[in-house]
Every structure is written in C-alpha cells, then in structure tokens.
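# Topology and contacts: notes
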Amino acid sequence: LHRLEAAQLANALGSFGAEPVVIAAAASVVEDEASRRLLDDHPVVWLDASPAYLADRLGRDHHRRSLGPDPQEALSRQSEERRGPFAAIADVTVAVEGRSRQSIVEEIVHRLTSTATPPTDE
C-alpha cells in the first residue's frame with residue numbers, strides 16, 4: 001500500500017507542472033526517502049494531531065482500514081516514526097484538533113502566503 005501511495009504522489013506532482021494545486025498525500029509518504037526528495041521543491045503543510053484525536057476520528061469512519069484492537073496505540077507508534085520526517089519536510093505545521101475546517105484552511109493560506117517570497121521587478 002505504501003509503495004502505491006508513493007507512486008501516486010510522484011504521479012500527482014508530475015501531472016500539474018507549475019500550476020498550483022493541493023495534493024493530499026498519505027502520511028506514509030514521509031517514510032519514503034524518494035517521496036521526501038520529491039516534496040523538497042514544493043510547499044508542504046503538516047496537519048498535526050495527537051494519536052488520541054486521530055483514533056477517535058477513525059473510530060467514527062467505517063471506510064478506513066482497521067488499525068487493530070488498539071488504534072490509538074498503533075497511531076502512537078506511527079506518530080513516533082513519522083514525527084521527525086514530517087518536521088524535516090514541513091514548511092508549515094498546523095494543529096488541527098478542536099478546530100473547524102475553515103479556521104484550518106485560513107491558517108494554512110495565511111502562513112503559506114506570509115512565507116512566500118515576493119516577486120521581484122527584475
């Protein structure tokens with residue numbers, strides 16, 4: 001599954017050229033060195049949440065694969081493995097717990113536009 005997710009990321013990044021797009025990549029791509037290199041030239045936003053919050057959300061979603069008898073423990077392990085790579089590639093980290101989608105999007109737009117390099121008149 002993770003190889004397929006990495007391949008989909010590479011395909012998506014190669015499909016749009018310079019056109020600005022939003023790609024919601026699987027969290028597992030940070031475990032793949034080639035995928036991390038592909039993301040070097042693109043703004044990366046890390047939507048950060050605790051394993052407890054994610055486990056609660058997954059418990060209400062019947063369309064995702066099972067993480068076993070203790071989803072929070074499985075997500076805690078994943079978080080430990082992925083936190084370093086996420087921190088290394090993320091240009092912006094946004095905490096999402098207890099927030100509306102609108103406030104999250106507004107923060108992302110604000111932070112990405114405030115970190116963008118203004119064009120020069122050369």
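Rules behind the numbers
- Residues numbered from 1 in each chain as written.
- Predicted model: local features only at pLDDT ≥ 70, side-chain atom pairs only at ≥ 80, totals over all residues.
- Heavy atoms only, no water.
- Helix = DSSP H or I, 4+ residues; strand = E, 2+ residues; numbered from the N terminus.
- Expected span 1.5 Å × (residues − 1).
- Buried < 20%, exposed > 50% of the residue type's maximum accessible area, 1.4 Å probe, protein only.
- Arc of directions from axis to C-beta.
- Contact = heavy atoms within 4.5 Å.
- Core = buried A, V, L, I, M, F, W, Y, C linked by side-chain atoms within 4.5 Å.
- Phe/Tyr/Trp six-rings, centres within 6.5 Å; stacked < 30°, edge-to-face > 60°.

As a further point, take helix α1 (residues 2-15). Look at α1: 20 Å from first C-alpha to last across 14 residues, which is about the 20 Å you get at 1.5 Å a residue. Within the sequence span of α1, burial applies to Ala 6, Leu 9, Ala 12 and Leu 13. Burial along α1 is one-sided: seen end-on, the buried residues are contained in an arc of 125°. Turned more than 90 degrees away from the buried face of α1 sit Arg 3, Leu 4, Gln 8 and Gly 14, all of them exposed. Buried-residue contacts for α1 involve α2 (33-39). Following α1 by one or two positions, Gly 17 has its phi on the positive side, about 60°.

Let us look at the nonpolar core. The biggest cluster of nonpolar side chains holds 10 residues, and these are Leu 9, Leu 13, Val 29, Val 30, Leu 39, Val 44, Trp 46, Phe 86, Ile 89 and Ala 90. Among the secondary structure elements, those contributing two or more residues to this core are α1 and α4 (71-89). In this structure Leu 39 touches Leu 9, Leu 13, Val 29, Val 44 and Ile 89, once residues within four positions along its chain are discounted. Grouped together as the second largest cluster of nonpolar side chains are 6 residues, Ala 49, Val 94, Val 96 and Ile 108 included.

A few words on the packing of aromatic side chains. Within the structure shown, the criterion is met by 1 aromatic pair. Each ring, one from Trp 46 and one from Phe 86, has its centre 5.1 Å from the other, and the planes form 10°; the classification is stacked. In this pair, Trp 46 is assigned in strand β1 (residues 45-48) and Phe 86 in helix α4, connecting sequence segments 40 residues apart. Taking relative accessible area as the criterion, Trp 46 reaches 9% and is therefore assigned buried.

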